[in-house]
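# Observations on the three-dimensional arrangement
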Amino acid sequence: MFTPSVSLAELMLRGTLMYLLIFVLMRIFRREAGTLSIPDLLVVVLVADAAQNGLSSDYRSITEGAVLVGTIFFWNYALDWLAYRWTPIKRLLQPPPLALIRDGMILRRNLKSELISVDDLLSQLREHGIDDPRVVKRCFIEPDGHLSVVKFADDEMPERKERRTVS
């Protein structure tokens, strides 16, 4: 149970080479960690699984693990490149921003389609320093799941007495 089936030196070499390969590929092909999209997250999960086999000697060689990891990065880069070049591919891979508030009115239908409650929306607005949705000119949920908020300018603020929502 405590006797290694593979030499410790081989395990260290495998770990070092797979770590360095993944590190270099992540630096070359990825942006900041805070900008991970759904395809980027998928790459991280797939690379972790593929690298695990290369680390634990389930493959006969490190090369097999490296080729699999490289293939995953290739397809992620290829899809990013295609989305950059052709709008139809971009629309397929990245949903457009969805309005949640328009001219101070909460768009309940859009909240419902994204399974966001009004309380969740208000909580997110508070994180942006906004206590009242009536001061919001536009609020969108972006493809990465974050909210973008545009407030009314002081001189264009409409007069409203109560919170309005659209069903």
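Here the structure is shown first, and the text comes after it.
Everything in this summary refers to the structure shown in the same document. (Residues numbered from 1 in each chain as written. Predicted model: local features only at pLDDT ≥ 70, side-chain atom pairs only at ≥ 80, totals over all residues. Heavy atoms only, no water.)

In this section: the pattern of salt bridges. Per the counting criterion, the structure on display carries 2 salt bridges. Across the pair Arg-138 and Asp-103 runs a salt bridge, and its minimum N-O distance is 3.1 Å. A residue pair is termed long-range when its members are at least 10 positions apart, and Arg-138 in strand 3 (residues 136-141) and Asp-103 in the loop between strand 1 (98-102) and strand 2 (105-107) qualify at 35 residues. With relative accessibility at 27%, the residue Arg-138 sits in the partly exposed group. Put simply, Asp-132 and Arg-134 hold a salt bridge, and the shortest N to O gap is 2.7 Å. (Salt bridge = Lys/Arg side-chain N within 4 Å of Asp/Glu carboxyl O. Helix = DSSP H or I, 4+ residues; strand = E, 2+ residues; numbered from the N terminus. Buried < 20%, exposed > 50% of the residue type's maximum accessible area, 1.4 Å probe, protein only.)

A word on the environment of Leu-125. Residue position: Leu-125 is located in helix 6 (residues 118-127). The spacing of Leu-125 and Val-136 is 11 residues in sequence and 9.2 Å in space, taken between C-alpha atoms. Aside from chain neighbours lying at most four places away, what touches Leu-125 is Ile-101, Ile-130, Pro-133, Val-136, Cys-139 and Val-149. (Contact = heavy atoms within 4.5 Å.)

Attention now goes to the packing of aromatic side chains. For the structure shown, the criterion picks out 2 aromatic pairs. Between Phe-74 and Trp-75, the aromatic rings sit 5.1 Å apart at their centres with planes inclined by 75°, giving edge-to-face as the arrangement. Judged by its relative accessible area of 47%, Phe-74 falls in the partly exposed class. Trp-75 gets classed as exposed once you look at its relative accessible area, which sits at 51%. Between Trp-81 and Trp-86, the ring centres sit 5.8 Å apart and the planes meet at 85°, which makes this aromatic pair edge-to-face. Assessed through its relative accessible area of 38%, Trp-81 is described here as partly exposed. (Phe/Tyr/Trp six-rings, centres within 6.5 Å; stacked < 30°, edge-to-face > 60°.)

This part takes up helix 6. Residues Val-118, Leu-121, Leu-122 and Leu-125 constitute the buried set of helix 6. Each buried residue of helix 6 lies within a common arc of 95° when the element is viewed along its axis, so the set occupies one face. Facing away from the buried surface of helix 6 by more than 90 degrees, the exposed residues are Asp-119 and Glu-127. Against the buried residues of helix 6 lie strand 1, strand 2, helix 5 (108-113), strand 3 and strand 4 (147-151). Backbone geometry just downstream of helix 6 places Gly-129 in the positive-phi region, at approximately 80°. (Arc of directions from axis to C-beta.)

Quick look at the pairing of strand 1 now. Examined bridge by bridge, strand 1 and strand 3 share 4 bridges and lie antiparallel to one another. Its bridge partner being in strand 3, Leu-98 is matched across the sheet by Ile-141. Note that strand 1 and strand 2 share 2 bridges and pair antiparallel. Its bridge partner being in strand 2, Ile-101 is matched across the sheet by Ile-106. (Pairing = 2+ DSSP bridges.)

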